[in-house]
Amino acid sequence: MFLYMAKRAFLFSSLYYPNVGGVENSIKELSHVLKAGGYEVYIITSDRDAVNRCTLSARDSIFGVEVFRCRYPFSFFGFAIFLVSLFKVCKDLDILNSSLLISRSHWPVLALRALGARSVKYLVPSVYIYQERFTWRYFFSPKIFGFLVNAIGQCLAFLLSDTYVFSVDMLSQVKRAALTLSRPVLLKPGVSRDRFHAVGINERNCIRNTLGLNAELKYLLCVGRISEIKQFNVAVEALRYLDLTFNLLIVGSGPQSEELKGQVLREGVAERVHFYPFTKDVDLFYKAADVYLMTSRYESFGQVLLEATSCGLPVVGFSPSSGVRTSVLYIYKGYNHLFFPCEEQTAASLAKVVSNLDISTENFDIEVSRFAAGYSWEATVERLLVS
């Protein structure tokens, strides 16, 4: 039998370190806050290394927290094996005798409820049925099976969990996806103030030197999974409309990495685009950059926006009026000097806004401080514990 403390918290995610992203970072931050609050914390995830397409060890200790990994093969029915493995691991760990169950993936919600868990808090990362771009080619591609399985699984999770979302748009998306049978709760995420904060010019230049960047150039930044939904290709194309002092940093990896690198060569901007793999030290890139580019056509929330703004970066991105579905207007409501919208979803529009950036330093700094103070993982956990 698994030995445990009086207060145990289990955090679930489909992926965790060495996979790096907004969801993985949120799991890490939540685990730290819960540990500081006296909980014995465990993380349960899959054995997938999504970047290198390999299998990770079944058990690990990361950032001082014990991690259990369940089998999740890269195969057609991998999700079914993942569900069975989750069920078995949860049963072996006697998870029903725990104080708190938090999941950032729908599959653990289903496994936990099948095991008999009465309360599972599901922090929705995105809503499947709204993030895909449907075309006839997509409907007749192998991807449609994965989409349908995940969309149905997530809708069931909405009905079987205490569901939390990070934006008003997500609130309506979940309600519609669950046919109004789910009652999601609006919750503010957090941002680590120890890691994500503005730095002075001298420290910025030191960081640039560490990263091998030029202190005299202007750096635009994109962070995230390199996939169609992020539209990093638009950021690359925008360099054609900007003078040679502008360079682009892309931190991440994904299914379109090679395609994007091919575009960089075709555009003739190879010397101005710098690719970096996912890293747990992503805060260094925010601190080294001048402007953050939000090019996604769909984002349920956008943790990168909290991180970028907390590090003192102006954010340039597409306005919802351009046709994208993001939460930028919700996130920056009440702030007039932090987000600079593009009304057209084009590279030329993006470049024009970047070129014409006019930042009122005093107002910008005041708003950055007020913005960062409004997001705390401690407050997020406190809300989860009382609701």
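Residues numbered from 1 in each chain as written. Predicted model: local features only at pLDDT ≥ 70, side-chain atom pairs only at ≥ 80, totals over all residues. Heavy atoms only, no water.

**Q** Explain the pattern of salt bridges to me, using residue names and the numbers behind them.
**A** Close approach of charged atoms allows side chains of opposite charge to pair. Tallied over the entire structure, the rule returns 15 salt bridges. Here Glu-299 makes a salt bridge to Lys-230, at a shortest N to O gap of 2.4 Å. In this pair, Glu-299 sits in the loop between β14 (291-294) and α12 (303-310) while Lys-230 sits in the loop between β11 (218-223) and α9 (232-238), placing the two residues 69 residues apart along the sequence. Across the pair, exposure class does not vary: Glu-299 and Lys-230 are buried alike. Linked through salt bridges whose partners overlap, the residues forming this network are Lys-28, Glu-29, Arg-195, Asp-283 and Lys-287. (Salt bridge = Lys/Arg side-chain N within 4 Å of Asp/Glu carboxyl O. Helix = DSSP H or I, 4+ residues; strand = E, 2+ residues; numbered from the N terminus. Buried < 20%, exposed > 50% of the residue type's maximum accessible area, 1.4 Å probe, protein only.)

**Q** Can you tell me about the side chain of Ser-105, naming the residues and giving the values?
**A** Mapped onto the elements, Ser-105 comes out in the loop between β7 (100-103) and α3 (106-115). Looking at Ser-105, the relative accessible area reads 4%, which means it is buried. A polar atom in the side chain of Ser-105 sits 2.7 Å from the side chain of Ser-14. Apart from residues no more than four positions distant in its own chain, Ser-105 is found in contact with Phe-12, Ser-13, Ser-14 and Tyr-122. (Polar contact = N/O pair within 3.5 Å; in protein donor to acceptor, adjacent residues only side chain to side chain. Contact = heavy atoms within 4.5 Å.)

**Q** Got a sec to walk through the sheet that holds strand β15 (residues 315-318)? Specific residues and values, please.
**A** The strand order β13-β12-β11-β14-β15-β16 describes an open sheet built from six strands, whose pairing is parallel. Bordering the open sheet on either side are β13 (273-276) and β16 (339-342), each of which pairs with just one other strand. The sheet shows a mean angle of 25° between the axes of neighbouring strands, direction not considered. Bridge count between β15 and β16: four bridges; the pairing is parallel. Within the sheet, the bridge partner assigned to Val-316 lies in β16 and is Phe-340. (Pairing = 2+ DSSP bridges. Axes fitted to C-alpha atoms, helices over the stretch in contact; angles between N-to-C directions.)

**Q** Provide a residue-level description of the layout of surface pockets, including the pertinent values.
**A** Counted as a void, the second largest pocket has a volume near 380 Å³. In terms of lining, the second largest pocket is formed by 20 residues, of which the most central are Val-199, Cys-311, Gly-312, Leu-313 and Phe-364. Mapped onto the lining of the second largest pocket, the elements with two or more residues apiece are α8 (201-211), α11 (283-288) and α15 (361-373). Take the lining of the second largest pocket: its biggest share by element is five residues, from α15. (1 Å grid on protein atoms, 1.4 Å probe; cavity = no way out; pocket = protein on both sides within 12 Å on 5 of 7 lines; lining within 4 Å. Points joined across faces, edges and corners; volume = space filled by probe spheres on them.)

**Q** Give me the lowdown on the nonpolar core, citing residues and values where you can.
**A** In terms of nonpolar packing, the biggest core is built from 98 residues, with Phe-12, Ile-44, Ile-95, Leu-221, Tyr-286, Tyr-292 and Leu-305 touching the most fellow members. No other element matches the six residues that α3 contributes to this core. Sequence-distant contacts of Ile-95, defined by excluding residues within four places in its chain, comprise Arg-8, Phe-10, Phe-12, Ile-44, Cys-90, Leu-101 and Leu-112. Ala-235, Phe-246, Val-324 and Val-354 belong to the second-largest nonpolar core, a separate cluster that totals 29 residues. (Core = buried A, V, L, I, M, F, W, Y, C linked by side-chain atoms within 4.5 Å.)

**Q** Could you give an account of unusual backbone geometry, naming the residues involved and the relevant values?
**A** Backbone torsion omega between Tyr-17 and Pro-18 reads 15°, so that peptide bond is classified as cis. Relative to the helices and strands, Pro-18 resides in the loop between β1 (8-12) and α1 (22-36). Even without glycine at this site, Asp-94 takes up a positive phi of about 50°. Looking at the element boundaries, Asp-94 is found in the loop between α2 (78-92) and β7. Residue classification places Asp-94 among the buried positions, given a relative accessible area of 18%. With a phi close to 55°, Leu-179 is a non-glycine residue in the positive phi region. Residue placement: Leu-179 occurs in the loop between α7 (168-177) and β10 (185-186).

**Q** Please provide a residue-by-residue account of empty space enclosed by the protein, values included.
**A** The full count for this structure, using the stated rule, is one cavity of 30 Å³ or more. What the largest cavity holds in volume is close to 60 Å³. Together, Asn-25, Ser-26, Glu-29, Gly-190, Val-191, Ser-192, Arg-195, Phe-196, Gln-303, Glu-307 and Trp-377 line the largest cavity. Among the elements of the structure, α1 and α12 are those that each provide at least two residues to the lining of the largest cavity. For the lining of the largest cavity, the element with the most residues is α1, which contributes three residues. When the residues that make up the lining of the largest cavity are grouped by side-chain class, the tally is three nonpolar, five polar and three charged. (Nonpolar A, V, L, I, M, F, W, Y, C, P; charged D, E, K, R; others polar.)

**Q** Help me get a handle on α3, residues and values and all.
**A** Burial analysis of α3 places eight of its ten residues in the buried class, which makes it a mostly covered element. Within α3 the residues assigned to the buried category are His-106, Trp-107, Pro-108, Val-109, Leu-110, Ala-111, Leu-112 and Leu-115. Where α3 is buried, its residues meet β1, α2, β7, β8 (121-123), α4 (128-131) and α6 (143-160). Measuring from the side-chain oxygen of the N-cap residue of α3 to the backbone nitrogen of Trp-107 gives 3.5 Å; that N-cap residue is Ser-105. The positive-phi residue at the C-terminal boundary of α3 is Gly-116, with phi of around 115°.

**Q** An account of the pairing of strand β12 (residues 246-251) is requested, with residue identities and associated values reported.
**A** If a strand is regular, its side chains alternate between the two faces of the sheet. Of all six residues that make up β12, six are buried, and the element is covered over most of its length. The side-chain alternation of β12 yields two buried faces, one formed by Phe-246, Leu-248 and Ile-250 and the other by Asn-247, Leu-249 and Val-251. For the handedness criterion, the β-α-β arrangement of β11, α9 and β12 is classed as right-handed. Two strands pair when backbone bridges link them, and β12 and β13 are joined in this way by four bridges, in the parallel orientation. The residue bridging Leu-249 from the neighbouring strand is His-274, located in β13. (Right-handed = clockwise from strand over helix to strand, strands pointing away.)

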